[in-house]
There are 2 protein chains.
Amino acid sequence: MLNRVRSAVAHLVSPGGASPPRPKSPDLPSASSAPAVSAAEASKSPPARPGSGAPTKTVDARASFSRPTFLQLSPGGLRRADDHAGRAVQSPPDTGRRLPWSTGYAEVINAGKSRHNEDQACCEVVYVEGRRSSTGASRESRGSQGLCFYYWGLFDGHAGGGAAEMASRLLHRHIREQLKDLVEILQNPSPPPLCLAPSPGASGPSSPSHLVCPHSCWSPQKEVTHESLVVGAIEHAFQLMDEQMAQERRSHQAEGGCCALVVVYLLGKVYVANAGDSRAIIVRNGEIIPMSREFTPETERQRLQLLGFLKPELLGSEFTHLEFPRRVQPKELGQRMLYRDQNMTGWAYKKIELEDLRFPLICGEGKKARVMATIGVTRGLGDHNLKVCSSTLPIKPFLSCFPEVRVYDLTQYEHCPDDVLVLGTDGLWDVTNDYEVAATVDRVLSAYEPNDPSRYTALAQALVLGARGTPRDRGWRLPNNKLGSGDDISVFVIPLGGPGNYS
Amino acid sequence: MLNRVRSAVAHLVSPGGASPPRPKSPDLPSASSAPAVSAAEASKSPPARPGSGAPTKTVDARASFSRPTFLQLSPGGLRRADDHAGRAVQSPPDTGRRLPWSTGYAEVINAGKSRHNEDQACCEVVYVEGRRSSTGASRESRGSQGLCFYYWGLFDGHAGGGAAEMASRLLHRHIREQLKDLVEILQNPSPPPLCLAPSPGASGPSSPSHLVCPHSCWSPQKEVTHESLVVGAIEHAFQLMDEQMAQERRSHQAEGGCCALVVVYLLGKVYVANAGDSRAIIVRNGEIIPMSREFTPETERQRLQLLGFLKPELLGSEFTHLEFPRRVQPKELGQRMLYRDQNMTGWAYKKIELEDLRFPLICGEGKKARVMATIGVTRGLGDHNLKVCSSTLPIKPFLSCFPEVRVYDLTQYEHCPDDVLVLGTDGLWDVTNDYEVAATVDRVLSAYEPNDPSRYTALAQALVLGARGTPRDRGWRLPNNKLGSGDDISVFVIPLGGPGNYS
């Protein structure tokens, strides 16, 4: 992500009042104890695909620059990736093992231009061993099978590369941890138990007789689906990843923040979790199915304004939660100007008062929209140190680490080899749109045999090339003579119905 | 609305911390000074349709029972409306002047069953005279024309009839007040001015030199459309109506609360504003276009939970903002139960702690869902006195008076006489759905000549009759032997393309 954070000053700040309480997870993956998930380790069970390497830190002469290991970059390739003048498009090599599902991947990284802000990516097959059964018996003693999920993640970093790099190494491990409790439940067709036996060793107090339940408007119980447990596990994993970044930001240099767009395939369903401004779409038989929406100062305006209104201390004395169509000038005091508050979608006039001269919590439009004049994206991981420029005011309280999770049931439709799920960071979507991407899907895939597994990498490359443009005097222009994306661009193309998938 | 408020105890409470600051309107319509808007008064200018009477209080032997004046109910008709055993369907008489646009209306009111909770309705043509021009010159001195809007409102009362009755008399006047500033602006094709000259007599301080604007990430200015000014005017009018109810609740017995579903037609566009669980749909050439969504404890769960989390004092010591799929039992302390917080759409397990035994902020499902075990709707007007049963905890801070406004451009499509906008309170939608309503639209309208203006009243009656059912031993059953709606039912049918409309 380029220029998303206008002026990030990394001080050590304590997170503000908006972080919710949460139940503790017994064993967090730690950045130090779990340096990298190797394919062999991640895939202890049947679906081991040794080619699906997790992205690990490939140390270059510049210690801060790393690319996913599945790219299998040679030192020369790594240098090319780090060369802004050349802007090479990188993909996993055609030789050797492919990514799971013959997934296509391509990227162009502008390390020379946006140092430390590189996109990162991860593609994994993850085996989940049950922690214990709901009756308290250990998984091993029951001899039942674990679960396996497929995992793809794009992490678009800003204000430092640490967060994206850490998330690409660890977020799927957090998801695995969350799913451990659910292994047996998800494989049981009965509805999930609402209440589990206490954890071994845990001892709650006995029923205190002084607790009375005075109200009785309670319908018997809500139905909770298996699907909503997986959604909850992913949501919780994002929260724990974010907390881990907060805890380890000093010791592991998890500086900066990142958008996270993650896909989990588990038991026939595709879960797309998005926190940030990356985007996922399914192109199925030419039809476009949006699988995410972007979280920006504009799309989350009312949530941010409400928070500023309810917790004015988060605004300091510098910001107002009201929005104006342009900056209010001191000479306009007493005049009436258009404004919007947290409850409004329309505009109305109000008399300008002294505090309306404060800087607006949200300003700018489109790609230039910012929270507190600083950050252009409102969900993601990290950013615990992010402060307003020339101020001690932390921005993190306004950011949410929670993704929106959309679910797509792969079993409800017979997919053909041309049906794909496309994930792209904003570098792609800034210069193209869903329809152009769908047209490229059609054009590129129809040029290859349906059973040619290299077609998805070719498609990913075509999408990245199309968004990057060609040099033409180094202006990197698109065929329509518009400027290409100057940002990092990373793209996954996940075939939904190709031969040999779901193995 | 029947049983929406489970146990409303009307005490005098001060509104809680969630009410936003707002610019003051210079002259609020007052309940005392503006007893009722007569058609003659409301329509000072060209489009006067003398038949469109505003709903005024028709005083019966029971002083609290009133029906809209446009029903022109005789004393006998008023008694029939108030007779639960008969459950008469009432419509404006076929003789005399029709409602604007030949609008159809029908209702069945169960005053005998749900005393003081009756639906109310309003249908008006409202003339807006400009307050002053943006240059400060008075409207009269410039000789320009005012504006006229058409207005329909359904108000579904609960916990007392005062709020619905007051809103039906005054909300359109608040909208008119808000539009007064915009008369000249809306008729000028140029973009609205972002800043207006000071109000006459107002004197702001001169530019204080100590005010500096240290940040400069400011795109020139946002585009504000005429449409968004009307949306803002409607939103603001709802807020002012709610504040007036708070101010006058003692003197004018504006007890209880009401959902409000309001339609404004102005300058070629239809604005549908909804705060509550009434619903509006357009049926156009057989196609259904939703024009509102319902605001209930389920649809607004995350907003309510966030408020409870950020302002725990609003929950007292009795409630928790967490949601559980069923009430937690004291004996389950220490066990792990499924839960959701304000950030989650999925479910996860958490260890039950003492405070999880508190009553959940939101409980129940579907029509039985409640906020604080009390109210089943989360937006609307009034409810300033509403408290939790057997407690002093006010509920109003969790309720929003702001509508969602959707806009439909009537000029973008050539409408035929069978295209209608249907507004109904939840009494209709509880026992039917969009598709059945669309089928009834087709069935009833095709039985009448397209230019027969009585067809829309016939359609409204058919919709109300279909939802009410027939006595069959006073069980009021539908043809499929299901129970009919036991609630109040009121329906407007607004033709979008009939002859003689838009006059």
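Here, every reference points to the structure presented above.
Parameters at a glance
- Residues numbered from 1 in each chain as written.
- Chains lettered and ligands numbered in written order.
- Predicted model: local features only at pLDDT ≥ 70, side-chain atom pairs only at ≥ 80, totals over all residues.
- Heavy atoms only, no water.
- Helix = DSSP H or I, 4+ residues; strand = E, 2+ residues; numbered from the N terminus.
- Buried < 20%, exposed > 50% of the residue type's maximum accessible area, 1.4 Å probe, protein only.
- Contact = heavy atoms within 4.5 Å.
- Areas by Shrake-Rupley, 256 points an atom, 1.4 Å probe, with all protein chains shown as cover.
- Pairing = 2+ DSSP bridges.
- Axes fitted to C-alpha atoms, helices over the stretch in contact; angles between N-to-C directions.
- Salt bridge = Lys/Arg side-chain N within 4 Å of Asp/Glu carboxyl O.
- Expected span 1.5 Å × (residues − 1).
- Phe/Tyr/Trp six-rings, centres within 6.5 Å; stacked < 30°, edge-to-face > 60°.

Q: Talk me through the overall build of chain A; I want residue IDs and the actual numbers.
A: Scanning chain A from N- to C-terminus turns up 10 helices and 20 strands. When each of the 503 residues of chain A is scored for burial, the buried share is 61%. The long-range fraction of contacts in chain A, counting pairs at least 24 apart against all pairs at least 6 apart in sequence, stands at 72%. Of the roughly 18,900 Å² of accessible surface on chain A, a fraction of 50% belongs to carbon and sulfur atoms.

Q: Quick rundown of the side chain of Arg301(A)? Include the residues and the values.
A: All names here are of chain A. Note that Arg301 resides in helix H7 (residues 301–310). Classification of Arg301 as buried rests on a relative accessible area of 6%. Setting aside residues up to four positions removed in sequence, Arg301 forms contacts with Glu323, Arg340, Asp341, Met344, Thr345 and Ile362.

Q: Kindly report on the sheet that holds strand S19 (residues 420–424) of chain A, identifying the contributing residues and their values.
A: Where strands meet in a sheet, backbone hydrogen bonds hold them as pairs that are either parallel or antiparallel. Residue and element names in this part refer to chain A. Spatially, five strands are ordered S2-S20-S19-S8-S9 in an open sheet, and the strand pairing comes out antiparallel. Looking at strand neighbours, the two that pair on one side only are strand S2 (104–108) and strand S9 (287–290), the edges of this open sheet. Within this sheet the neighbouring strands show an average axis-to-axis angle of 20°, counted without direction. Relative to the sheet, helix H9 (residues 434–445) contacts strand S8 (279–284), S9 and S19, its axis offset from that of S8 by approximately 50°.

Q: Could you give an account of the environment of Pro192(A), naming the residues involved and the relevant values?
A: As for its placement among the helices and strands, Pro192(A) is situated in the loop between helix H5 (183–186) and strand S5 (195–196). Here the alpha-carbon distance between Pro192(A) and His226(A), two residues 34 residues apart in the chain, equals 6.6 Å. Setting aside residues up to four positions removed in sequence, Pro192(A) forms contacts with Ile185(A), Val224(A), Thr225(A), His226(A), Leu229(A) and Tyr349(B).

Q: Before we move on, could you go through the pattern of salt bridges and cite the residues and values that matter?
A: Under the definition given, this model contains 46 salt bridges over all chains. One salt bridge connects Arg455(A) with Asp418(A), and the closest N-O pair in it is separated by 2.6 Å. One end of the pair, Arg455(A), is in helix H10 (residues 455–468); the other, Asp418(A), is in the loop between strand S18 (404–409) and S19, and 37 residues separate them in sequence. By relative accessible area, Arg455(A) is classed as buried at 1%. For Asp418(A), a relative accessible area of 32% puts it in the partly exposed group. Each of Lys222(A), Arg301(B), Glu323(B) and Arg340(B) takes part in salt bridges that share partners, so that together they form one network.

Q: Go over helix H10 (residues 455–468) of chain B, please, and point to the residues and values.
A: Residues and elements named next belong to chain B. Under the 1.5 Å per step criterion, the end-to-end length of H10 is 20 Å for 14 residues, consistent within 8% with the ideal 20 Å. For H10, the tally of buried residues reaches 10 of 14 residues, placing the bulk of the element in the interior. Residues Arg455, Tyr456, Thr457, Ala458, Leu459, Ala460, Leu463, Val464, Ala467 and Arg468 constitute the buried set of H10. Directly after H10, the chain includes Gly469, whose backbone phi takes a positive value near 85°.

Q: Explain the packing of aromatic side chains residue by residue, including any values.
A: Counted according to the given criterion, the structure contains 20 aromatic pairs over all chains. Of the aromatic side chains, those joined through ring pairs into one cluster are Trp101(A), Tyr150(A), Trp152(A) and Tyr265(A).

Q: Please give an account of the sheet that holds strand S20 (residues 489–495) of chain B that cites residues and values.
A: Residues and elements named next belong to chain B. Here we have five strands laid out as an open sheet, ordered S2-S20-S19-S8-S9, and antiparallel in their pairing. In this open sheet, the two edge strands, each paired with only one partner strand, are strand S2 (104–108) and strand S9 (287–290). Averaged over neighbouring strand pairs, the angle between their axes works out to 20° when direction is ignored. Each of strand S8 (279–284), S9 and strand S19 (420–424) touches helix H9 (residues 434–445); the most contacted strand, S8, lies at about 50° to it.

Q: Tell me about the environment of Val272(A), and please be specific about residues and values.
A: Residues and elements named next belong to chain A. Tracing the sequence through the fold places Val272 in strand S7 (residues 269–275). For Val272, a relative accessible area of 0% corresponds to the buried category. In sequence terms Val272 and Val407 are 135 residues apart; their C-alpha atoms lie 6.3 Å from each other. Non-local contacts of Val272, meaning those with residues more than four positions away in its chain, are made with Leu261, Val262, Val263, Ala280, Met291, Glu404, Val405, Arg406 and Leu421.

Interpretation note: all reported values are geometric properties and have no functional meaning in isolation.
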